[in-house]
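One letter stands for each residue in the lines below.
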Amino acid sequence: MTTETPPLPPPVTALSRDDARRLALRAQGLLGAPDRRAGVRGVLRQLGAVQLDTISVLARSHELVPYARLGPVSRPAVEAAYWSDTHSFEYWSHAACILPIEEWPHFAFRRRARRAKGHRWHVMEDSERSCAAVVDRLRADGPLTTSELGGGRNGGEWWDWSETKIAVEWLLDTGEVVCTQRRAWKRVYDLAERAVPDPLLHDDLDDAECLRRLVAQAGAAMGVATRADLADYHRLKAEQVDAVVADSGLVPVEVEGWGKPAWADPAALAAPPRGRHRTTLLSPFDSLIWDRPRAERIFGFTHRLEAYVPRPQRIHGYFAMPLLAGGRLVGRVDPAREGSTLVARQVSMQGPKAAAPMARALWEAARWVGCDAVRVDRCDDPKLAAALHAELTHTSDHTTD
């Protein structure tokens, strides 16, 4: 594949900032009526990737993503939708992500690259023996966790992996093994030949075809995007995007204020976005905002995950969740649970008009996770705090849709 950047064609249309924002919201399933019949699996197919993360506050991030789009779907139903009937698999996309099983062939380029490198983080003492032992166990005993395979660590720090853990993760990287589900947050591994449907179990697509599909899928999931946006969605290289974007089906557009070439999904341009905006709290790992420069460009909203920031240096809290309302990001809250109370440990809002949607979002989230009370611990602006307390009282029986 050539590394030369093809010349850019002229843009087919000009979009305003608001056009781009609405296209992004609709593409992400946050503008317009949700497809409840398609449910969680429909959300996954539309987004193309749902990021996994260890942090669980209200719920884990992969549960929060469909919740933000569909409302209070039961959490067991979310897990069942992801992991039953071979509808998805876990692999490296934007990060560790749940991916639609239909995308298995399109990650062949990444599996080949890992194979060619020979290792990722750890090197096995005897790769042939260790990998064969893992494959034999899975073939004989069916899907297993690392613990069931013999244990993940040598007894030291978390990165001090056992030979078995290194082997099974290497087999996952290269496609002989697939993660079929998470059980108590542990990966469950199975042989790809058993877990991936036969029509999809192949790596015969060349790199260019894989990349074209992933760039096209990212463009459809974002509505309109720069080269950097397209690359970030599945963590491709800029030159990989350059090499295939002209053949991806995306069309060049000009977006007011972006100052960079952009591409749009032609289906997104065919009809103007209309419908109801979701009012909801977003996981910091939600694909609407996981790319912080893009979120700032589209929404004028700077967000940072502070979970790994020392407590005295945090500004908005451990797991601050942005508030989406009226198609804009208008506040954030750092939530927690104490018994049956949802605690807003810290709240910030962009003006008093955000108080009512913040109250609705907090009550909806509370009920979704089984809480029957909401308490605000901190809101530094006294007027906004008073407005929020009033709205929480008046909207305790609200509905959002």
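Scroll up a little and you will see the structure.
Here the structure is a predicted model, which is why all the values come from computation and not from measurement.

Draft legend 1. Layout of the overall build of the protein chain. Within the protein chain, the regular secondary structure consists of 16 helices and 14 strands. A compact globule built from 401 residues would reach a C-alpha radius of gyration of about 21 Å, and the protein chain, at 22 Å, matches this within 12%. Reported as C-alpha extents along the three principal axes, the dimensions of the protein chain are approximately 65 × 55 × 40 Å. Within the protein chain, buried positions represent 55% of all 401 residues.

Draft legend 2. The arrangement of the nonpolar core in detail. Formed by 50 residues in total, the largest nonpolar core has its most connected members in Y82, F89, V215 and L230. It is helix α10 (residues 207-222) that provides the largest number of residues to this core, a total of seven residues. Look past the residues within four positions of F89 in its chain and what remains in contact with it is W83, C97, I98, L99, P100, I101, E103, W104, F107, V178 and C179.

Draft legend 3. The arrangement of the packing of helix α2 (residues 39-47) against helix α3 (residues 61-70) in detail. Viewed as axis vectors pointing N to C, α2 and α3 meet at an angle of 100°, and their least axial separation amounts to 10 Å. Compared by their axis directions, α2 and α3 come out roughly perpendicular. Between α2 and α3, the contacting residues are G39, V40, V43 and L47 on the first element and V65, P66, R69 and L70 on the second.

Draft legend 4. Broad picture of the pairing of strand β6 (residues 186-191). With five of its six residues buried, β6 lies for the most part within the structure. Relative to β6, strand β5 (residues 177-183) is paired through six bridges, and the arrangement is antiparallel. Among the inter-strand pairings, V178 is bridged to a residue of β6, identified as D190. Between β5 and β6, which pair antiparallel one after the other, the connecting turn spans two residues, and A184 there sits at a positive phi close to 50°.

Draft legend 5. Spatial organisation of the packing of helix α5 (residues 108-117) against α10. Two elements in contact, α5 and α10, have axes separated by 8 Å at closest approach and are oriented at 130°. Judged by the angle between their axes, α5 and α10 are oblique. Within the contact between the two elements, α5 uses A108, F109 and R112 and α10 uses D207, C210, L211 and L214. Grouping the constituent residues of the contact of α5 with α10 by class yields five nonpolar, no polar and two charged.

Draft legend 6. Expanded view of the sheet that holds strand β8 (residues 251-255). Strand order in the open sheet formed by four strands is β1-β8-β9-β7, and the pairing between neighbours is mixed. Each edge of the open sheet is held by one strand with a lone partner, namely β1 (14-15) and β7 (224-226). Summarising the sheet, β8 and strand β9 (residues 262-264) pair through three bridges and their orientation is antiparallel. When the sheet's bridge partners are listed, P252 is paired in β9 with W263.

Draft legend 7. View of the packing of aromatic side chains. Counted under the stated rule, the structure contains six aromatic pairs. Ring centres of Y67 and W368 lie 4.2 Å apart, and the angle between their planes is 15°; this geometry places the pair in the stacked category. One end of the pair, Y67, is in helix α3; the other, W368, is in helix α15 (residues 355-368), with 301 residues separating them in the sequence. Residue Y67 is classed as buried on the basis of its relative accessible area, which comes to 3%. Overall, the relative accessible area of 10% leaves W368 in the buried class. Their ring planes at 45° and their centres at 6.3 Å tell us that F285 and F319 sit as a pair that is tilted. Linking F285 in the loop between β10 (280-281) and α14 (292-299) with F319 in the loop between α14 and β11 (321-325), this pair joins segments that are 34 residues apart in sequence. If you follow R60 out to its NZ or CZ, it ends over the ring of W185, 4.2 Å from the centre. One Lys or Arg, R182, reaches over the ring of W185 and ends 4.3 Å from the middle of that ring.

Draft legend 8. Spotlight on the environment of R41. Within the secondary structure, R41 is located in helix α2. Classification of R41 as partly exposed rests on a relative accessible area of 23%. Sequence separation between R41 and P100 is 59 residues; the distance between their C-alpha atoms is 8.2 Å. If we skip the residues at most four places from it in the chain, R41 touches A80, A81, S84, D85 and H87. Within polar-contact distance, the side chain of R41 engages the backbone oxygen of A81 at 2.8 Å.

Quick notes on the rules
- Residues numbered from 1 in each chain as written.
- Predicted model: local features only at pLDDT ≥ 70, side-chain atom pairs only at ≥ 80, totals over all residues.
- Heavy atoms only, no water.
- Helix = DSSP H or I, 4+ residues; strand = E, 2+ residues; numbered from the N terminus.
- Rg over C-alpha atoms; globule rule 2.2 N^0.38 Å.
- Buried < 20%, exposed > 50% of the residue type's maximum accessible area, 1.4 Å probe, protein only.
- Core = buried A, V, L, I, M, F, W, Y, C linked by side-chain atoms within 4.5 Å.
- Contact = heavy atoms within 4.5 Å.
- Axes fitted to C-alpha atoms, helices over the stretch in contact; angles between N-to-C directions.
- Parallel < 35°, antiparallel > 145°, perpendicular 65-115°, else oblique.
- Pairing = 2+ DSSP bridges.
- Nonpolar A, V, L, I, M, F, W, Y, C, P; charged D, E, K, R; others polar.
- Phe/Tyr/Trp six-rings, centres within 6.5 Å; stacked < 30°, edge-to-face > 60°.
- Lys NZ or Arg CZ within 6 Å of the ring centre and 35° of its normal.
- Polar contact = N/O pair within 3.5 Å; in protein donor to acceptor, adjacent residues only side chain to side chain.

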